[in-house]
Amino acid sequence: DVYKRQAMTDADGRARLTTGQGGHTHSTPSCTGSISADRVCFDGDVGLLVLAAHWQPEDNPWWLGGEYWYKRETGHLDSIFGTPEYKGELEGGWLDLGYRVNSTLSFAARLEQMQTTNYLNGANAGLIATQAGIADAEQKPFGVGLVADWRPLPALRLVGEWHHYSDIYGALDNVFMLRAQVNFERELF
């Protein structure tokens, strides 16, 4: 199976960074109103392309899966130090090797890599890049992970994941996630 998805959106007023927090976060305050020294805001457009594939030979419990994504942001960063033009690119992907125990339970090991690139053009671009936490972001973080995927009911999927990453500053990070997905087009029970 091969899948392709793409989207374009207007991301005006998205907070890029609040002092004391690294990178983009969904808990950052809104950028409505006046800006301050502890916030950099993004105004512009975001495009996202995702390509995914999954392959499992017939009558074989082993499977391969992978995904590639590309995100491009274009616009301006709004800071107390200026409003430079901004273009950010994020691309990466992962490769999964999985084992399907039965129709409701599978496990996978994952290798993941991404590349970030940020361009700023305008007055105080270097200062604003440092303030936004993207001055040294042109690296290639790498991660490994383990995934358990259980479907106890036809419309319910529970996924537990552990990932170990090297981040853009060389530090190591562990991420644990538990996801529950409900398919409302199917009956739950």
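No experiment lies behind these values; they were computed from the predicted model shown.

Chemist: Just give me the short version of the nonpolar core, but keep the residues and values in it.
Modeler: Within the largest apolar cluster, nine residues are counted, these being V40, F42, V46, L77, Y86, I128, A129, A132 and I134. Going through the elements one at a time, β3 (39-55) and α1 (125-132) are the ones with two or more residues in this core. Among all residues touching A129, those that are not within four sequence positions of it are L120, I134 and A135.

Chemist: Which residues make up the pattern of salt bridges, and what values do they have?
Modeler: Counted under the stated rule, the structure contains seven salt bridges. In this structure, the salt-bridge partner of K87 is E89, at a minimum N-O distance of 3.8 Å. The class of K87 is partly exposed, set by a relative accessible area of 26%. Linked through salt bridges whose partners overlap, the residues forming this network are D96, R110, E161 and R179.

Chemist: Which residues make up the confidence of the model for the protein chain, and what values do they have?
Modeler: Averaged over all residues, the pLDDT of the protein chain is 83; the fraction at 70 or higher stands at 79%. Low confidence marks residues 17-25, where pLDDT is under 50. Its contacts with residues over four positions away, or in another chain, come to 21 contacts.

Chemist: Before we move on, could you go through the packing of aromatic side chains and cite the residues and values that matter?
Modeler: With the rule as written, the count across this model stands at three aromatic pairs. Ring centres 5.7 Å apart and planes at 80° place the aromatic pair F42 and Y86 in the edge-to-face group. Of this pair, F42 sits in strand β3 while Y86 is found in strand β5 (residues 85-102), placing the two residues 44 residues apart along the sequence. On the basis of an interplanar angle of 55° and a centroid distance of 5.4 Å, the ring pair of W69 and W94 is categorised as tilted. Of this pair, W69 sits in strand β4 (residues 62-78) while W94 is found in strand β5, placing the two residues 25 residues apart along the sequence. Stacked on the ring of W94, the Lys or Arg R110 has its end atom at 4.0 Å from the ring centre.

What counts and what doesn't
- Residues numbered from 1 in each chain as written.
- Predicted model: local features only at pLDDT ≥ 70, side-chain atom pairs only at ≥ 80, totals over all residues.
- Heavy atoms only, no water.
- Core = buried A, V, L, I, M, F, W, Y, C linked by side-chain atoms within 4.5 Å.
- Buried < 20%, exposed > 50% of the residue type's maximum accessible area, 1.4 Å probe, protein only.
- Helix = DSSP H or I, 4+ residues; strand = E, 2+ residues; numbered from the N terminus.
- Contact = heavy atoms within 4.5 Å.
- Salt bridge = Lys/Arg side-chain N within 4 Å of Asp/Glu carboxyl O.
- pLDDT = per-residue confidence, 0-100.
- Phe/Tyr/Trp six-rings, centres within 6.5 Å; stacked < 30°, edge-to-face > 60°.
- Lys NZ or Arg CZ within 6 Å of the ring centre and 35° of its normal.

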